[in-house]
Amino acid sequence: MAQLFNRIGQIGLGLALAGGVVNSALYNVDGGHRAVIFDRFQGIKQLVVGEGTHFFIPWIQRPIIFDIRSQPRNVPVVTGSKDLQNVNITLRILFRPVPDQLPKIYTILGVDYDDRVLPSITTEVLKAVVAQFDAGELITQREMVSQKVSDDLTERAAQFGVILDDISITHLTFGKEFTQAVEMKQVAQQEAEKARFLVEKAEQQKKASIISAEGDAQAAELLAKAFGDAGDGLIELRRIEAAEDIAYQLSRSRQVAYLPAGQSTLLNLPSS
């Protein structure tokens, strides 16, 4: 029995050692990732390992895992426009490596390839593109500027084995002096619009006064003509019409009492 237990113990120890060796020779490549193998004798192998569980030789080989999914990165750049205005611009970039070029990327740039490539080429492209436009054109032709930056930057990144899925301008501001100049221009335009409105209003009032004066003059001419034709009869007619209107208005008022002609005292008559 003792020999049996010793034998079982030896077998278990052997299995445990074998399991440890096998486990140390396995590595996993998760979804959306790829691996390249560094060999102490051969260097970086050109074979790119896909997703799943794989074997390697411990102490001789080492897997390097890369994320090949699109990743975002913001790159701020300060540059100058064609009219020598300071421009603060920020690009948001979605990037990923070309899977087949991972051995070359690791050999030349390393795992942190994005830190080595994206800031430098973004600054280079932005300085070249922005210098072709005035500060005003950067605002009015923003879509054209963005398209040109995207085309040039995509072409430049492809030289390093990097794919740019999306490039967008998320921030665009100018220097303090230019901003103040724009604000002053806007204020001046508003003042000019206000002055133009006042001038147009005065012109309209002037025209209205002229029309009113012409109407009064025509009315005076018509009245003079009517007086010349009818004599005092027209005046007497207007007086009678005015008296009728006054009497009508007074008759509708409860605060007015009437006295017979020749009587100056109001008598209280008994009510029937």
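Please refer to the structure higher up on the page.
Residues numbered from 1 in each chain as written. Predicted model: local features only at pLDDT ≥ 70, side-chain atom pairs only at ≥ 80, totals over all residues. Heavy atoms only, no water.

Peer 1: I would appreciate a short explanation of the overall build of the protein chain in the present structure.
Peer 2: Along the protein chain, the regular secondary structure elements total seven helices and eight strands. When burial is assessed residue by residue, the protein chain has 23% of its 272 residues classed as buried. The long-range fraction of contacts in the protein chain, counting pairs at least 24 apart against all pairs at least 6 apart in sequence, stands at 64%. Accessible area of the protein chain: about 19,300 Å², with a carbon and sulfur share of 57%. (Helix = DSSP H or I, 4+ residues; strand = E, 2+ residues; numbered from the N terminus. Buried < 20%, exposed > 50% of the residue type's maximum accessible area, 1.4 Å probe, protein only. Contact = heavy atoms within 4.5 Å. Areas by Shrake-Rupley, 256 points an atom, 1.4 Å probe, with all protein chains shown as cover.)

Peer 1: Can you help me understand the side chain of Asp 39 in this one?
Peer 2: Here Asp 39 is to be found in strand S2 (residues 33-39). One buried charged side chain, Asp 39, makes no salt bridge at all; its nearest oppositely charged neighbour is Lys 45, positioned 4.3 Å away. A polar contact of 2.8 Å, which involves the side chain of Asp 39, links it to the backbone nitrogen of Phe 41. At 3.2 Å, the side chain of Asp 39 and the side chain of Gln 61 are in polar contact. Dropping the residues within four chain positions of it, Asp 39 is found in contact with Lys 45, Ile 60 and Gln 61. (Lys, Arg positive; Asp, Glu negative; His and termini not counted. Salt bridge = Lys/Arg side-chain N within 4 Å of Asp/Glu carboxyl O. Polar contact = N/O pair within 3.5 Å; in protein donor to acceptor, adjacent residues only side chain to side chain.)

Peer 1: Could you clarify how one ought to interpret the packing of aromatic side chains in this entry?
Peer 2: In this description, a pair of aromatic rings is defined by centroid distance and the angle of the planes. According to the stated counting rule, one finds four aromatic pairs in the structure shown. Aromatic side chains Phe 66 and Tyr 106 sit 6.2 Å apart centroid to centroid with 85 degrees between the ring planes, which places their arrangement in the edge-to-face category. Of this pair, Phe 66 sits in strand S5 (residues 61-67) while Tyr 106 is found in helix H2 (residues 102-108), placing the two residues 40 residues apart along the sequence. Among the residues examined, Phe 66 registers a relative accessible area of 2% and is labelled buried. Judged by centre distance (6.5 Å) and plane angle (45 degrees), the ring pair of Phe 66 and Tyr 113 falls under tilted. (Phe/Tyr/Trp six-rings, centres within 6.5 Å; stacked < 30°, edge-to-face > 60°.)

Peer 1: So what exactly am I meant to see when it comes to the sheet that holds S5 here?
Peer 2: What links the strands of a sheet is backbone hydrogen bonding, and the strands pair in either a parallel or an antiparallel sense. Pairing is antiparallel across the open sheet formed by three strands, whose spatial order is S3-S2-S5. The sheet terminates laterally at strand S3 (43-49) and S5, the two strands that pair on one side only. Along the sheet, successive strands turn relative to each other by an average axial angle of 25 degrees, direction set aside. Summarising the sheet, S2 and S3 pair through four bridges and their orientation is antiparallel. Bridge pairing links Val 36 to Val 48 in S3. (Pairing = 2+ DSSP bridges. Axes fitted to C-alpha atoms, helices over the stretch in contact; angles between N-to-C directions.)

Peer 1: Just checking my understanding: could you explain the packing of helix H3 (residues 113-130) against helix H5 (residues 142-158) for this structure?
Peer 2: Between two packed helices, the angle of one axis relative to the other and the distance separating the axes together describe the packing. Two elements in contact, H3 and H5, have axes separated by 10 Å at closest approach and are oriented at 140 degrees. It follows that H3 is oblique to H5 by the angle criterion. By crossing handedness, the relation of H3 to H5 is classed as right-handed. Counted together, Ile 121, Thr 122, Glu 124, Val 125, Leu 126 and Val 129 of H3 and Val 145, Lys 148, Val 149, Asp 152, Leu 153, Arg 156 and Ala 157 of H5 form the full contact between these two elements. (Parallel < 35°, antiparallel > 145°, perpendicular 65-115°, else oblique. Left-handed = near helix turned anticlockwise from the far one by under 90°.)

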